[in-house]
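Chains, contacts and geometry: an overview
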Amino acid sequence: MAPKILRVAEIPNLVLGEGPHWDIETQNLYIVDIFGKSIHKFNASTGQHSKAIFDKPVSFIVPVKGQRNKFVISLEREICVITWDGISERPSKIEKLAEVDQDTQNRINDGKCDPRGRLWAGTMGPEPEPGHFQPEAGSLFSLDGGEVTTFATKVGISNGLAWNTKLGKFYYNDSLVKRVDEFDYDINSGVISNRKTIFTFSKHDIDGLPDGMTIDADGNLWVAVFNGSSVIKIDPRKPETLLETIKVPAKQTTSVAWGGIDLNILYVTSASMTVDGVELLPPNHGATFQITGLGTKGLPADNFVSE
């Protein structure tokens, strides 16, 4: 069965669609529009879409485990818990948990929770205009029990984030170095170590940058290729092994997440940013897609565990 790609028509075109998260308990897909300063909820069974607007860029949204209408999000450099009914155009409450990269103009770019519910996220330098930013200004950190721990600095654009608990591995992308890296991961302590490269874009003549990433139940990684109109499937256990390339009808492919009742639908976000005067037009640029027929499925996404 060949993969089938469909645009999710109910989700509007976004400027910088990112951070897809499938909440297995509610069967809702959550995504953000970073430059649109908004969070979006899509119910796949009813086709209902709703959004809420903020005053600062939002880079991720993850439900808080066991707490109805509570979500952890980023607001520029701040990590906050919001109360949102999933319908209103504004959250009813915003509670700041932490702020990272203080005294900079950085912003958080991507974030997910590990299997223990710790939040992992990273930052990038100032971007005065789309596609032009300060290099090596970002960081990678975790939030655990209210404490922020920094694990990497001099990051270009922090992206990716995936875990294999059976192997004790954490996977990560710094988009600007155009590679996928692996760390040893201790689930009990939440510490990562022994960084090494497992996939290099230049060795496979891949145009574009590694962006958002997810892992499937077989242990393979699916990586969105920004400026590459594609999603690639790689085997992290065999360095430099490219298994498959799925073409996506949006140049700025940004991130991926497994969803659906059986977690066998790959949701793909994209952007429609005008970079150096080049416009990317709807309906496909900035759209959210679903890919079926991939012959595998994902794992449940982990929600945030508050202290």
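Check the entry above for the structure.
Source: prediction; values computed, not measured.

1. Some thoughts on the pattern of salt bridges
A complete count under the given rule lists 16 salt bridges for this structure. Two residues, E78 and K56, come together in a salt bridge whose shortest N-O distance is 3.7 Å. Pair noted here: E78 is in strand 8 (residues 78-83) and K56 is in the loop between strand 5 (48-53) and strand 6 (61-63), with a separation of 22 residues, a long-range link. For K56, a relative accessible area of 32% gives the class partly exposed. For K196, the salt bridge is made with E182, and the minimal N-O distance between the two is 3.7 Å. Of this pair, K196 sits in strand 17 (residues 191-200) while E182 sits in strand 16 (residues 179-186), and the two are 14 residues apart along the sequence. Through salt bridges with shared partners, one network takes in K56, E76, R77, E78, K96 and E99.

2. Concerning the environment of T150
Relative to the elements of secondary structure, T150 occurs in strand 13 (residues 147-155). Each C-alpha atom of the pair T150 and L140 lies 5.8 Å from the other, and the pair is 10 residues apart in sequence. Aside from chain neighbours lying at most four places away, what touches T150 is S139, L140 and F141.

3. Observations concerning the layout of surface pockets
A water-sized probe, rolled over the atoms, reveals where empty space remains. As a volume, the largest pocket reaches approximately 620 Å³. Lining the largest pocket are 33 residues; nearest its centre among them are W163, I215, L299, P300 and D302. Of all the secondary structure elements, the ones that give two or more residues to the lining of the largest pocket are strand 2 (17-23), strand 6, strand 10 (107-113), strand 14 (158-164), strand 18 (209-215) and strand 22 (252-259). For the lining of the largest pocket, a count of residues per class yields 18 nonpolar, 8 polar and 7 charged. Around the second largest pocket, the lining is made up of 23 residues, and of these E127, G131, F133, F226 and M273 lie nearest the centre. Among the residues forming the lining of the second largest pocket, the class breakdown is 10 nonpolar, 7 polar and 6 charged.

4. As for unusual backbone geometry
The omega angle of the peptide bond from P282 to P283 is 10°, so this bond is cis rather than trans. In this fold, P283 is placed in the loop between strand 23 (265-271) and strand 24 (289-292). The backbone of E76 shows a phi angle near 65°, a positive value even though the residue is not glycine. Within the secondary structure layout, E76 lies in the loop between strand 7 (70-75) and strand 8. Even without being glycine, E136 reaches a positive phi, approximately 50°. In this fold, E136 is placed in the loop between strand 11 (119-124) and strand 12 (138-144).

5. Focus: the sheet that holds strand 16
Judged by pairing direction, the sheet is antiparallel, and its 4 strands sit side by side in the order 14-15-16-17 without closing on themselves. One side of each edge strand has no neighbouring strand; the edge strands of this open sheet are strand 14 and strand 17. Strand-to-strand twist across the sheet, computed as the mean angle between neighbouring axes with direction ignored, equals 25°. Across 6 bridges, strand 15 (residues 169-174) lies against strand 16 in antiparallel orientation. Each residue of the ladder has a partner; that of Y172, found in strand 16, is D181.

6. Side note on the sheet that holds strand 3 (residues 28-33)
With antiparallel pairing, the 4 strands of this open sheet are ordered in space as 2-3-4-5. On the outer flanks of this sheet lie strand 2 and strand 5, each paired with one strand and no other. Ignoring strand direction, the axes of neighbouring strands in this sheet form an average angle of 20°. Here 5 bridges tie strand 2 to strand 3, and the two strands are oriented antiparallel to one another. Bridge assignment links D23 to a residue of strand 3, and that residue is N28.

7. Side note on the packing of aromatic side chains
Within the structure shown, the criterion is met by 12 aromatic pairs. Centre to centre, the rings of Y172 and F183 are 6.4 Å apart; their planes meet at 65°, and the pair counts as edge-to-face. Linking Y172 in strand 15 with F183 in strand 16, this pair joins segments that are 11 residues apart in sequence. The same class applies to Y172 as to F183, namely buried. Here a set of aromatic residues connected by ring pairs shows up, and it is made of W120, F151, W163, F170, Y172 and F183.

The rules behind the values
Residues numbered from 1 in each chain as written. Predicted model: local features only at pLDDT ≥ 70, side-chain atom pairs only at ≥ 80, totals over all residues. Heavy atoms only, no water. Salt bridge = Lys/Arg side-chain N within 4 Å of Asp/Glu carboxyl O. Helix = DSSP H or I, 4+ residues; strand = E, 2+ residues; numbered from the N terminus. Buried < 20%, exposed > 50% of the residue type's maximum accessible area, 1.4 Å probe, protein only. Contact = heavy atoms within 4.5 Å. 1 Å grid on protein atoms, 1.4 Å probe; cavity = no way out; pocket = protein on both sides within 12 Å on 5 of 7 lines; lining within 4 Å. Points joined across faces, edges and corners; volume = space filled by probe spheres on them. Nonpolar A, V, L, I, M, F, W, Y, C, P; charged D, E, K, R; others polar. Pairing = 2+ DSSP bridges. Axes fitted to C-alpha atoms, helices over the stretch in contact; angles between N-to-C directions. Phe/Tyr/Trp six-rings, centres within 6.5 Å; stacked < 30°, edge-to-face > 60°.

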